[in-house]
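# Structure assessment
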Amino acid sequence: MSPSPRLIIETLRWDEARGVLEMIDQRVLPARFERLAYDSASAVADGIRSMVVRGAPAIGCAAAYGVALEALRCRDLCAHAFAAALDEGFAVLDASRPTAVNLRWALEHMRLCLDALADAPPGVVAGRLLQEAHAVLAADVAANRAMGAHGAALLSDGMRVLTHCNAGALATGGYGTALGVIRAAVASGKHLQVIADETRPFLQGARLTAWELQQEDIPVTLITDNMAGHLMQRGEVDAVIVGADRVAANGDFANKIGTYMVAVLAHRHGLPFYVAAPLSTIDRRLADGAGIPIEERAAAEVRGFAGQQWAPEGVAVRNPAFDVTPAALVTALITERGVVPAPNVDSIAALFD
Ligand code: MRU
């Protein structure tokens, strides 16, 4: 099935008739546009682990649906067995990926909702958890649109804006964080040129960002990750904007591997470096970025891609999926509550007042 060129990208959608969560399979884009159906917490956890769905806010939304699906699947059990099945569902979802804090944020949110329904029968609880998952998804889209409204003013007409990985509709409930700011600037009449880093090894920039921007005719030029410095040195980049997987209390943040390199380059060339992230991505329990858990993924992702191997068999490989950029390199953090210039522990805390 091919999407229409004006497709509104619904990364996750609830199929009411079948009672399943549908997710766009991001492993096969842009060659194929397919949705897969999910009906349990462990199935959703598999989808998160295997990157059918990826991007911090999207993972959080998927996890919220995972809890609801588990409750629906087990609603005919007795209260004791129902509670045990849900505990198991929470645990399997929690273990699916470690870096994006939105996953834990969503699970804690669903747990609070569950605890508030302590004496309700399983069928009632399941219905209520499903409503809450819909609310988590809707709130994420609203946060992205608010970030777009706040952040668009930072991008001027004619700017060439570099982005890394995919922080778009595909990485969120919809609209996107970094790409949401770009979308909002374009919607306000500005002409932007997006430069998309390919984003080795999983190619989120080449496969997802380039595809997503093409759907809306937003001009995009793809480069390999090692070309960013050259373009900056030649004056061909005006600003950088990225998303985040976890922002520590002091503004240090983890994002897709290679982001730190781009931030250092932007600093060297005097370019503004913006981070767009909702409050659900801020982990105030971590004082700084040193404590952010960094996922190490399979060696096969670096040795090759999609069944093709180009490195010699058995060569040692490192594959950290994220890196940490110090707050000192961030020009401004864009959130749904507004823009925070040069974020630090006080200005980040003030967002939660
Ligand atoms: O490994 P991924 O594809 O889940 O990593 C995604 C990123 O690093 C994104 O930049 C981040 O989640 C921001 S998404 C709005």
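The structure this text deals with has already been given above.
Here's what I pulled together on the structure shown here. (Residues numbered from 1 in each chain as written. Predicted model: local features only at pLDDT ≥ 70, side-chain atom pairs only at ≥ 80, totals over all residues. Heavy atoms only, no water.)

### Points about the overall build of the protein
A count of helices and strands for the protein gives 11 helices and 16 strands. Scaling as 2.2 N^0.38, a compact globule of 353 residues should have a C-alpha radius of gyration of about 20 Å, and the protein matches this with 20 Å. Across its three principal directions, the C-alpha atoms of the protein cover 65 × 50 × 40 Å. A burial count over the protein gives 56% of its 353 residues as buried. Split by element, the accessible area of the protein, about 14500 Å² in all, is 55% carbon and sulfur. The averaged location of the 39 negative side-chain charges in the protein is 3 Å from the averaged location of its 30 positive side-chain charges. (Helix = DSSP H or I, 4+ residues; strand = E, 2+ residues; numbered from the N terminus. Rg over C-alpha atoms; globule rule 2.2 N^0.38 Å. Buried < 20%, exposed > 50% of the residue type's maximum accessible area, 1.4 Å probe, protein only. Areas by Shrake-Rupley, 256 points an atom, 1.4 Å probe, with all protein chains shown as cover. Lys, Arg positive; Asp, Glu negative; His and termini not counted. Charge placed at Lys NZ, Arg CZ, Asp CG, Glu CD.)

### Section: the environment of Ala239
Summarising the element assignment, Ala239 is placed in strand 7 (residues 239-242). The buried category is assigned to Ala239, whose relative accessible area is 0%. Sequence spacing of Ala239 and Ser156 is 83 residues, and the spatial spacing of their C-alpha atoms is 9.7 Å. In contact with Ala239, not counting residues within four places along its chain, are Met159, Arg160, Val161, Leu162, Pro272 and Tyr274. (Contact = heavy atoms within 4.5 Å.)

### Section: the pattern of salt bridges
According to the stated counting rule, one finds 21 salt bridges in the structure shown. The salt bridge partner of Arg97 is Glu295, with a shortest N-O separation of 2.8 Å. Separated by 198 residues along the polypeptide, Arg97 in the loop between helix 3 (79-94) and helix 4 (101-115) and Glu295 in the loop between strand 11 (282-283) and helix 10 (300-303) bring together distant segments of the chain. With respect to burial, Arg97 and Glu295 carry one shared label: buried. (Salt bridge = Lys/Arg side-chain N within 4 Å of Asp/Glu carboxyl O.)

### Regarding the sheet that holds strand 2 (residues 20-24)
Ordered by their spatial adjacency, 3 strands build an open sheet running 1-2-3, and the pairing between neighbours is antiparallel. Both edges of this open sheet fall to strand 1 (12-15) and strand 3 (35-38), since each of them pairs with a single strand only. Across the sheet, the mean angle from the axis of one strand to that of its neighbour is 30°, orientation sign disregarded. As judged from the 4 bridges shared by strand 1 and strand 2, these two strands associate in the antiparallel manner. Bridge pairing in strand 2 places Trp14 opposite Leu21. Packed onto the sheet, helix 2 (residues 56-73) meets strand 1, strand 2 and strand 3 and runs at close to 20° relative to strand 1. (Pairing = 2+ DSSP bridges. Axes fitted to C-alpha atoms, helices over the stretch in contact; angles between N-to-C directions.)

### A few points about the nonpolar core
Counting residues in hydrophobic clusters, the biggest one holds 44 residues, and the most contacted among them are Leu21, Met23, Val44, Ile48, Leu93 and Leu129. Contributing elements (two or more residues each) for this core: strand 1, strand 2, helix 1 (41-49), helix 2, helix 3, helix 4 and helix 5 (122-151). In terms of residues, this core owes the most to one element, helix 2, which gives 13 residues. Those residues in contact with Leu93, other than ones at most four positions away along the chain, are Ala41, Val44, Ala45, Ile48, Ala63, Gly66, Val67, Leu103 and Leu107. (Core = buried A, V, L, I, M, F, W, Y, C linked by side-chain atoms within 4.5 Å.)

### Quick notes on unusual backbone geometry
That bond from Leu29 to Pro30 is cis: its omega, 0°, falls within 30 degrees of zero. The topology assignment puts Pro30 in the loop between strand 2 and strand 3. With an omega dihedral of 0°, the bond running from Arg200 to Pro201 counts as a cis peptide bond. One non-glycine residue with positive phi stands out, namely Met51, at about 75°. By secondary structure assignment, the location of Met51 is in the loop between helix 1 and helix 2. With a relative accessible area of 1%, Met51 lands in the buried category. Positive phi, close to 65°, is recorded for Leu203, a residue that is not glycine. For Leu203, the position within the fold is in the loop between strand 5 (193-197) and helix 7 (204-215).

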